[in-house]
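The primary structure of each chain is shown beneath.
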Amino acid sequence: MRIDGKGLIDRTKPVRFRFDGKDYAGYKGDTLASALLANDVRLVGRSFKYHRPRGVLTAGSEEPNALVEVIGPKNQTPNVRATVQEVFEGLETRSQNRLGSLRFDLLAVNDLLWPFLGAGFYYKTFMWPRAFWEGLYEPLIRRAAGLGSLSGRHDEGTYEKAFAFCDVLVIGSGPAGLMAALTAGRAGADVILCEESHAFGGRILSDGGTIGGMPAGEWLAQVLAELEALPNVRLMLRTTVTGAYDHGTYGALERVGLHKPARPNLSRECFWRIVAKHAVLAAGALERPVAFPDNDRPGIMLASAVRTYLNRYGVSLGKRVTLFANTDQARAVARELMAAGVTVAAIIDPRPDAFSVEDCPVHVGGEVIGTRGRLGLTGITVRKGAETFEIETDCLAMSGGWNPTLHLTCHMNGRPRWDEDLAAFVPMEGAVPGLVAVGAANGSMSTHGALVTGHAAAVQAVQALGRKAPDLPLPEAEDRPYVLKALWAVEGKGRAWLDFANDVTTKDVKLAAQEGFRSVEHMKRYTTQGMAPDQGKNSNVAALAVLADATGRGIPETGTTTFRPPYTPVSIAAMGAGGRAEGFAPQRFLTSDQASRDRGAPMIEAGLWYRPSYFPKPGETTWREACDREVRMVREAVGVADVSTLGKIDIQGKDAGRFLDFVYTNTFSTLPVGRVRYGLMLREDGHVLDDGTSARLGEDHYLMTTTTAAAGLVMRHLDFVHQAFCADWQVRFISVTESWAQFAVAGPKARALVQSFLEETVDLPFMGVAPVRVGGVKGRLFRISFSGEEGYELAVPTRYGEALFRDLVARAETMGGGPYGMEALNVLRIEKGFITHAEIHGRVTAHDIGMEKMVSAKKDCIGKAAAQRPGLWGPEREQLVGLKASAPISAGAHLFVPGMEIHRETDQGYVTSVCWSPTLGAWLALAFLKDGRNRHGEKIRLVDHLRGIDVICEVCDPVFHDPAGEKLRA
Amino acid sequence: MRLRCPLCGERDRREFYYYGAEDYLHRPAADAALAEWDAYLHLRDNPAGVTRDLWYHEAGCSQWLLVTRNTVTHEISGVELVAERKA
Amino acid sequence: MRYSGLRVITEGLFGNRGWTPAWREPSPKAEYDVVIIGGGGHGLSTAYYLAKNHGITNVAVLEKGYLGGGNVGRNTTIVRANYFLPGNSEFYSHSLKLWEGLEAELNYNVMHSQRGLINLFHSDGQRDAFVRRGNAMINQGDDAILLDREGVREHLPYLDFDNTRFPIYGGLLHPRGGSARHDAVAWGYARGADKRGVDLIQNCEVTGIDIENGVVKGVQTTRGAIRAKKVGIVVAGRSSQVAAMAGMRLPIESHVLQAFVTEGLKPVINHVVSFGMGHFYISQSDKGGLVFGGDLDFYASYAARGNLPMVEHVMEAGMTLMPMIGRAKVLRSWGGIMDMSPDGSPIIDRTHVEGLYLNCGWNYGGFKAVPASGWCMAHLMATDQPHEVARKFRLDRFATGHLLDEEGTGSQHNLH
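About the thresholds
- Residues numbered from 1 in each chain as written.
- Chains lettered and ligands numbered in written order.
- Predicted model: local features only at pLDDT ≥ 70, side-chain atom pairs only at ≥ 80, totals over all residues.
- Heavy atoms only, no water.
- Helix = DSSP H or I, 4+ residues; strand = E, 2+ residues; numbered from the N terminus.
- Rg over C-alpha atoms; globule rule 2.2 N^0.38 Å.
- Buried < 20%, exposed > 50% of the residue type's maximum accessible area, 1.4 Å probe, protein only.
- Contact = heavy atoms within 4.5 Å.
- Areas by Shrake-Rupley, 256 points an atom, 1.4 Å probe, with all protein chains shown as cover.
- Lys, Arg positive; Asp, Glu negative; His and termini not counted.
- Charge placed at Lys NZ, Arg CZ, Asp CG, Glu CD.
- Buried area = accessible area lost by both parts, 1.4 Å probe.
- Salt bridge = Lys/Arg side-chain N within 4 Å of Asp/Glu carboxyl O.
- Polar contact = N/O pair within 3.5 Å; in protein donor to acceptor, adjacent residues only side chain to side chain.
- Nonpolar A, V, L, I, M, F, W, Y, C, P; charged D, E, K, R; others polar.
- Pairing = 2+ DSSP bridges.
- Phe/Tyr/Trp six-rings, centres within 6.5 Å; stacked < 30°, edge-to-face > 60°.
- Axes fitted to C-alpha atoms, helices over the stretch in contact; angles between N-to-C directions.
- Core = buried A, V, L, I, M, F, W, Y, C linked by side-chain atoms within 4.5 Å.
- Patch = residues over 30% accessible without salt bridge, like charges linked within 9 Å, V, L, I, M, F, W, Y side chains within 5 Å.

Trainee: Tell me what's going on with the overall build of chain C, and back it up with residues and numbers.
Mentor: In terms of helices and strands, chain C carries 11 helices and 18 strands. Its C-alpha atoms give chain C a radius of gyration of 21 Å, near enough to 22 Å, the size a compact globule of 416 residues would have. Oriented by its inertia axes, the alpha-carbon framework of chain C measures out at about 65 × 65 × 40 Å. Taking all 416 residues of chain C together, the buried fraction comes to 71%. Within chain C, contacts between residues separated by at least 24 positions form 75% of all contacts whose residues are at least 6 apart in sequence. Accessible area for chain C stands at about 11700 Å²; split by element, carbon and sulfur atoms hold 52% of it. Separation between the mean location of the 41 positive side-chain charges and that of the 41 negative ones in chain C comes to 5 Å.

The following block contains the structure:
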């Protein structure tokens, strides 16, 4: 119910929203939880395993129960914390994890079966009969498990990522964080202050009090006004710092648009990468529940949350509230409720020496041992010494003390330290380099302590930055001692919940210990405690205490599990922002891209590039028709293909030739100027890295080409070889792949076509290179061939690429030629036995491809030594061969001796490339076959089980077309 | 994770390519025994603690870097250019 | 104690007071026939099969932390037999067969679920490479089905077929591939080994290996010296440190691999889906969490935690492939220490020290190997001969060049 005169909500701005199909009203500033509670909706969810009715437990992102689905116009979001989600006009939500309605969930039958569903029960059963596991048991378990639902539709929402840099990152905006931000801000440091909630102030918003002699809210407003005015301070609301990573990097999630009605281009979330020289963790502390029997009913809430709903949202969870708490601090909520006109039925304080004078009954030394109310709390049972009695109540506020919010300090393997006085873990100093925990996050539980430690950490940071700390008087604030008697669990009949979200009770933890799962990690894994959406925030320490008790050890000896990133769950879409569709990887386009598309060419991926597959002509119905035509066109007339994707590395210097001799197996220092040579490059482990041609453009000037796939790899390799082994050599190189557009012109009419573009006549020998002028532009002409025909490659600066391509193609067409695509290019090279990365796939040696003679005996080169290992050569290895067949064959097929059985041991090799050859009128393949070079002429059986192909082929030399190379040299 | 490139200053890990231990710098003589090549290519101290390894500023200055780094804490205590390394 | 549905019901009716510890907590004896260093999946299965297959029960497993605390308890739980190089093929095939009988074998429900693994491909070249793999799987006697684009759509209708950066050409379906409950595998083997007399000794770190005249004599530990006739090193990411105690330098570099799990969700992904172009693989656990991962962080590390660049890369891969998972929230990320070998394949072999055996180099594919790894390691330690399906996992293969490089990326540890 709403309490008049309380809360920071804007009562002038009513908001309508829906939950489970029903309309409700709230105010701007409400969370879904506060607005539902204001409407007396206590039942908001069902638990994970037993489908117990559940209500709101907390007022923050650590909420284990109040998880709902938010229904947007186009999609739905599961597992949204009602305690974080702000209400807005038209917000549509529904409860989740139920079969039937929220009030009558059919799966609540699980709760009756609880004796059989304890920790780890599934490891012990569902094994017989075997087929039933996958057929019956598992599908049932899967359907019952899980919480909310994804829609199965693409998430079309907008998400962003951003980088930010600062001197001091302050995490949390309670008194400690504000003081730290103000101190560092006044010193002139670049400050980022992140606040998870939708308002700055932390517990000030919930607890009120006085700071510096004024109401805390007033102090907050003053500090915020000053911070907002400082140009070096950036205030980030709705931003959770989710992870601490190496070298001052933090991940943070900003909820940009989740509190507003969806509209196009409104970003939902932004994932920040913040690099900070210093960080101040002022994230406060989280109150912890007490495990007493049936402590999970709607209406049972953390005392601090009851206080937050009262003071920040003007809501009381009940009309007759009871408090069960073991600290003095928790008493404030009872007093404030009474002051607001809410009845407090009783205060139950388990501490035998607790203060007993309040304006309501106080049961010192009492414990809650039971609760009533199927869908919401109606009463509790209290035990005090030997007597037990009932109290009628509709809201039980509980507190078992506080746990510092130290999660970020564990993200880099820091183990927290047990503090006996606080009965809590506190951060290990220096656990995250550059990060200092202050205030309640470091166990300073008073407002005064928060202000002092926040200020001190900031002073330390600004001084380390070489700045002068400002003269900032510390405001006065309450400094009461925090005294508690640890109370983790209350013994009694029935189940007492530790992990509300995963339905783990004290019985489960004890059973784990009984069965030998005594290590805290074993207990966690066996019971699943701490693995639910709240990541154990509400249960880790208590579960540990129960385990310690069950195993007869102390808490420090029992140890603790580690908190891992993220601090609160982060959507995949936010951390993966920008990855949707083509955003995942860069797209590289040829200068001829549009010209190819204009001609209707389907574009296919080649690494990051897009290349034309083929250029269809009217009347052609399959890619094969186009491909066959393009192959014949090259063999009979002339074809033009864009080969600019090949890597191009410009290498210059006195030692350039020597350097190439070192990285290639063969020799380049002897190559005459104006000539091109094919080169083979090995990895240092003796396998083929890449192949390509290098041209000598001048005495000290080479141009290397690499395959498309290995362009980056080779560049990195060259840089390494140079800098690691011969940094003193006079050689420098740079990638010029994107500086030149290069076109292959191949076929009997290639010379005529090329010549028609040149300003002077150039008569190049095979494997020659010359500078040329094309339409007034300086270019380069190479006489090289990847097709087996007389071939040229004409290169011009990239900006002229498109124009030249269009002209080349147009003029080729007048000669009976035209463009050809990747399919034809592939057929042409297979016919000629030229290899690509289909063949040099990383496991292949020079010996395997018949190029061992290219490894010069006269010099050292990268990979030469390791290639001599006995396993890298010899007849047991598979060697490159050609295969010829009259029926369709396929790449990926394996090879067998005809008549022999087919299995792994009889496998003779495999096929890497296949084509229909219009030139030879046969199916051709390149393949690797054991001892293949000695088996030319043999018949071999090609088997592709997957495609149902089983064909006898003839083994032959891989060069099918023009083996003497007469056409190349024509 | 951030690395301080001697030429470019402190940069995000995304700009760098990692190769492996500094062993790759100690290339045996061409005629060394195969065992030496085996050790060079494959065998590693692989310490849980301070090590020196090779990073390439691929999206930056193209320099290979010799980084002194702790494999347990990820603390980086030194970065030098491979081309100008001392030893 | 035998587990069964009936037992669960009977115990439930009587307050679950009758359950006994899954394993004893013995103190180390002064001497064992065999000491296994490492109480992870591979070490525990080795001990189990030593006892079960070879009758060697005077065995201790020494674990410096808690049983199953290493990579077996922090992986993405994928079980498959889709290798194509002889040497790997038969080994993983054997492992998958053991998985298929593991519940009955161990009387422990490891929730092995053969929901089918689909490897997507995105070009003709990749298709051919996967066809080669699929044919090798069939030649080995395993299963593989080639799916075209429409075939993939039938199985995985939620993928972004229209806009994803690397269009989906098809997939290789491995119907017997799937997943299992990782912790249960460790616990099942531990319980089985313990039942057969193996001493599982936790919180016992090995600090030295005693060797005399080239023969192993035992180990030094934080809980005292333990004599042993044979010692097996089965410590994954820590292999280099333990082997160094025997004077060995291994072909291993330790790297961090991160993995992720989301909050629980109703069933939405039924298969294991692998997206090679993006280095992304995903499945949904029986509890409802999406379990997924990607590639190594790529730098040598023992930190068991990673950094944001790879985290974001993995999420981006998920978003381009299956944007319907965008609103699932990552609950937890973690890192494991991977023992990366120079060819991506493991080592199960003798060492230069008599009686000292080595099992390592699982890269990031060790989980599915747990049954066969233990089976073969036990065989090697019991008979001094390599098991038939693991005979190519030799320590000297890098020196001799008899490599098992499925990826074809060469002798760079982090590329496998």
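Trainee: Please set out unusual backbone geometry residue by residue, giving values where relevant.
Mentor: All names here are of chain A. Looking along the chain, the bond that leaves Trp-128 and enters Pro-129 is cis, with omega of -15°. Looking at where Pro-129 falls in the secondary structure, it is placed in the loop between helix H2 (109-112) and helix H3 (131-144). With an omega of -5°, the peptide bond between Pro-565 and Pro-566 qualifies as cis. The residue Pro-566 is located in the loop between helix H13 (555-558) and strand S31 (570-571) in this model. Positioned with a positive phi, Asp-294 is a non-glycine residue whose angle comes to about 55°.

Trainee: Tell me what's going on with the interface of chain C and chain A, and back it up with residues and numbers.
Mentor: Of the residues lining the interface, 123 residues belong to chain C; the matching set on chain A comes to 120 residues. Around 9900 Å² of area is buried between chain C and chain A when both sides are counted, 54% of it from carbon and sulfur atoms. Counting across the chain C and chain A interface gives 14 salt bridges. Put simply, chain C and chain A have 75 residue pairs in polar contact (both at pLDDT 80 or more) between them. The biggest single contributor to the side of chain C that touches chain A is helix H5 (residues 124-139) of chain C, with 11 residues. Along the lines of polarity and charge, the residues of the side of chain C that touches chain A split into 54 nonpolar, 41 polar and 28 charged. Sheet analysis places S31(A) next to strand S16 (residues 329-340) of chain C, joined by 2 bridges and oriented antiparallel. Residue pairing for S16(C): Ser571(A) is matched across the bridge by Lys329(C).

Trainee: Account for the packing of aromatic side chains, with residues named and values stated.
Mentor: Using the criterion set out here, one finds 56 aromatic pairs over all chains in the structure. Ring geometry for Phe584(A) versus Phe166(C): centroids 6.3 Å apart, planes at 85°, classification edge-to-face. With Phe584(A) in the loop between helix H14 (572-575) and strand S32 (588-589) and Phe166(C) in the loop between helix H6 (149-155) and strand S6 (170-174), this pair bridges two chains. Accessibility classification places Phe584(A) together with Phe166(C) in one group, the buried group.

Trainee: If you had to explain the environment of Leu404(C) to someone new, which residues and values would you point to?
Mentor: Residues and elements named next belong to chain C. Within the fold, Leu-404 resides in the segment after helix H11 (397-400). Separated by 253 residues in the primary sequence, Leu-404 and Gly-151 place their C-alpha atoms 31 Å from one another. In this structure Leu-404 touches Leu-85, Pro-86, Gly-87, Asn-88, Asp-343, Ser-345, Lys-392, Phe-393 and Arg-397, once residues within four positions along its chain are discounted.

Trainee: Can you tell me about the sheet that holds strand S23 (residues 387-392) of chain A, naming the residues and giving the values?
Mentor: Residue and element names in this part refer to chain A. With respect to topology, 3 strands assemble into an open sheet ordered S21-S22-S23, the strand pairing being antiparallel. A single partner strand is all that each edge strand has here, and the edge strands are strand S21 (366-372) and S23. The mean inter-strand angle of the sheet, taken between neighbouring strand axes irrespective of direction, is 25°. Strand direction decides the pairing type here: S21 and strand S22 (residues 379-384), joined by 6 bridges, are antiparallel. Opposite Arg-372, over in S22, you have Gly-379 as the bridge partner.

Trainee: Pulling in residues and values, what's your account of the nonpolar core?
Mentor: If you look at the biggest cluster of nonpolar residues, it comprises 177 residues, and the most contacted ones within it are Phe91(C) and Tyr108(C). Residues in contact with Tyr108(C), not counting those within four places in the same chain, are Tyr123(A), Met127(A), Phe517(A), Tyr526(A), Tyr3(C), Leu102(C), Glu103(C), Ala184(C), Trp187(C), Gly188(C) and Arg191(C).

Trainee: Go over helix H11 (residues 520-527) of chain A, please, and point to the residues and values.
Mentor: Every α-helix winds through 3.6 residues per turn, so residues three or four apart in the chain are directed the same way. Residue and element names in this part refer to chain A. Extensive coverage of H11 is indicated by the burial of 8 of its 8 residues. Taken as a whole, H11 has its buried residues at Val-520, Glu-521, His-522, Met-523, Lys-524, Arg-525, Tyr-526 and Thr-527. For H11, the side-chain oxygen to backbone nitrogen distance between the N-cap and Glu-521 is 3.1 Å, and the N-cap itself is Ser-519. Thr-528 sits one or two positions beyond H11 and adopts a positive phi of about 70°.

Trainee: Go over the side chain of Arg2(B), please, and point to the residues and values.
Mentor: Within the element layout of this structure, Arg2(B) appears in strand S1 (residues 2-5). Judged by its relative accessible area of 9%, Arg2(B) is buried. A distance of 2.8 Å separates a polar atom in the side chain of Arg2(B) from a polar atom in the side chain of Glu10(B). When sequence neighbours within four positions are dropped, the list of residues in contact with Arg2(B) reads Phe165(A), His247(A), Thr249(A), Val275(A), Glu10(B), Arg11(B), Asp12(B), Arg13(B) and Ile76(B).

Trainee: So what about the environment of Asp763(A)? Which residues, and what values?
Mentor: Residue and element names in this part refer to chain A. Topologically, Asp-763 is positioned in the loop between helix H19 (750-755) and strand S42 (769-774). Asp-763 sits in the exposed class, given a relative accessible area of 63%. With 670 residues separating them along the chain, Asp-763 and Thr-93 place their C-alpha atoms 77 Å apart.

Trainee: Please give an account of the environment of Phe393(C) that cites residues and values.
Mentor: All names here are of chain C. With respect to the element layout, Phe-393 can be found in the loop between helix H10 (370-383) and H11. In this structure the C-alpha to C-alpha distance between Phe-393 and Gly-40, which are 353 residues apart in sequence, comes to 20 Å. Contacts of Phe-393, omitting those with residues within four sequence positions, involve Gly-87, Asn-88, Phe-91, Pro-346, Ile-347, Ile-348, Asp-349 and Leu-404.

Trainee: Residue-level account of the sheet that holds S32(A), with values.
Mentor: Residues and elements named next belong to chain A. Here we have 3 strands laid out as an open sheet, ordered S32-S34-S33, and mixed in their pairing. In the strand order of this sheet, the two ends are held by S32 and strand S33 (603-606), each with one partner. Here 4 bridges tie S33 to strand S34 (residues 609-612), and the two strands are oriented antiparallel to one another. Pairing of Ala-606 across the sheet is with Trp-609, part of S34.

Trainee: Could you give me a rundown of the pattern of salt bridges, with the residues and numbers involved?
Mentor: It is possible for side chains bearing opposite charge to pair when their charged atoms get close. For the structure on display, the rule yields 104 salt bridges over all chains. With its nearest N and O atoms 2.9 Å apart, the salt bridge here joins Lys124(A) to Glu515(A). Residue Lys124(A) is found in the loop between H2 and H3, and its partner Glu515(A) is found in the loop between helix H10 (506-514) and H11; the two are separated by 391 residues along the sequence. This pair shows no difference in class: Lys124(A) is buried, exactly as Glu515(A) is. A salt bridge links Arg153(C) to Glu150(C); the shortest N-O distance between them is 3.2 Å. Of this pair, Arg153(C) and Glu150(C) both sit in helix H6, 3 residues apart, which is roughly one turn of the helix. For Glu150(C), a relative accessible area of 42% puts it in the partly exposed group. When salt bridges with common partners are traced through the structure, they connect Lys161(A), Arg273(A), Arg2(B), Arg4(B), Glu10(B), Asp12(B), Arg14(B), Glu312(C) and Glu316(C) into a single cluster.

Trainee: Can you lay out a nonpolar patch on the surface for me, pointing to particular residues and giving the numbers?
Mentor: All names here are of chain A. On the surface, Val-109, Leu-112 and Leu-113 cluster together to form a nonpolar patch covering roughly 280 Å² of accessible area. The topology assignment puts Val-109 in helix H2. The class for Val-109 is partly exposed, based on a relative accessible area of 41%.

Trainee: Could you give an account of the pairing of strand S4 (residues 117-121) of chain C, with specific residues and numbers?
Mentor: Residue and element names in this part refer to chain C. Counted residue by residue, S4 has 5 buried out of 5 residues, so it is predominantly covered. Side-chain alternation along S4 places Leu-117, Asn-119 and Phe-121 on one buried face and Ile-118 and Leu-120 on a second face that is also buried. Here S4 runs beside S6; their pairing, made up of 5 bridges, is antiparallel. Paired with Leu-117 across the strands is His-174, a residue of S6. Across 4 bridges, the pairing between S4 and strand S13 (residues 272-275) is parallel. Considered in S13, the bridge of Ile-118 is made with Val-273.

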